[in-house]
Amino acid sequence: MALTFKEAQERVDAWISSFQEGYFPPLLMLARLTEELGEVARVLAHRHGKKPKPGEEEGDLAMELADLLFVLISLANREGIDLEEAFLKAMEKYRLRDSGRWTRKG
């Protein structure tokens, strides 16, 4: 089932709002974002880097990316950012800035 950014933001907000504690403060969210990014890095290093420690599990890249996305959406919600609008602006920025940067296929 595909979700828009708006729907994802609404789902995250509904989940977090169901708890008295609510959203973490911004700097704690930044720490959580960094922690989740580290877990993504660990999986990628396991897959594409040097050999892991014996017996170390590779990890689930999809789940680690989803965890990262959850925290990112949480931070956007807390700060009142519409990710759909921000993403469209970013894509337009990349289109204008980088359209001639690489060789197009076909």
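Residues numbered from 1 in each chain as written. Predicted model: local features only at pLDDT ≥ 70, side-chain atom pairs only at ≥ 80, totals over all residues. Heavy atoms only, no water.

Going by the annotation in an unreviewed UniProt entry, the name recorded for the protein is NTP pyrophosphatase, house-cleaning of non-canonical NTPs, with Thermus arciformis given as the source organism.

**Focus: the pattern of salt bridges**
In this structure the tally under the stated criterion is nine salt bridges. Linking Asp98 and Arg97 is a salt bridge whose minimum nitrogen-to-oxygen distance equals 3.0 Å. What makes Asp98 buried here is its relative accessible area of 11%. Notably, a salt bridge pairs Asp98 with Arg101, separated by 3.6 Å at the nearest N-O pair. Beyond isolated ion pairs, a larger network of salt bridges with shared partners links Arg97, Asp98 and Arg101. (Salt bridge = Lys/Arg side-chain N within 4 Å of Asp/Glu carboxyl O. Buried < 20%, exposed > 50% of the residue type's maximum accessible area, 1.4 Å probe, protein only.)

**Quick look at helix H3 (residues 61–78)**
With 18 residues, H3 should cover 26 Å at 1.5 Å per step; its first-to-last C-alpha distance of 26 Å lies within 8% of that length. If you check which residues of H3 are buried, you get Leu61, Glu64, Leu68, Val71, Ile73, Ser74, Ala76 and Asn77. Along its buried surface, H3 packs onto helix H1 (5–17), helix H2 (26–48) and helix H4 (83–98). The positive-phi residue at the C-terminal boundary of H3 is Gly80, with phi of around 70°. (Helix = DSSP H or I, 4+ residues; strand = E, 2+ residues; numbered from the N terminus. Expected span 1.5 Å × (residues − 1). Contact = heavy atoms within 4.5 Å.)

**Focus: the packing of aromatic side chains**
Scanning the model with the defined rule gives two aromatic pairs in all. Between the aromatic rings of Trp15 and Phe19, the centroid separation amounts to 4.9 Å while the plane-to-plane angle is 75°, which identifies the pairing as edge-to-face. (Phe/Tyr/Trp six-rings, centres within 6.5 Å; stacked < 30°, edge-to-face > 60°.)

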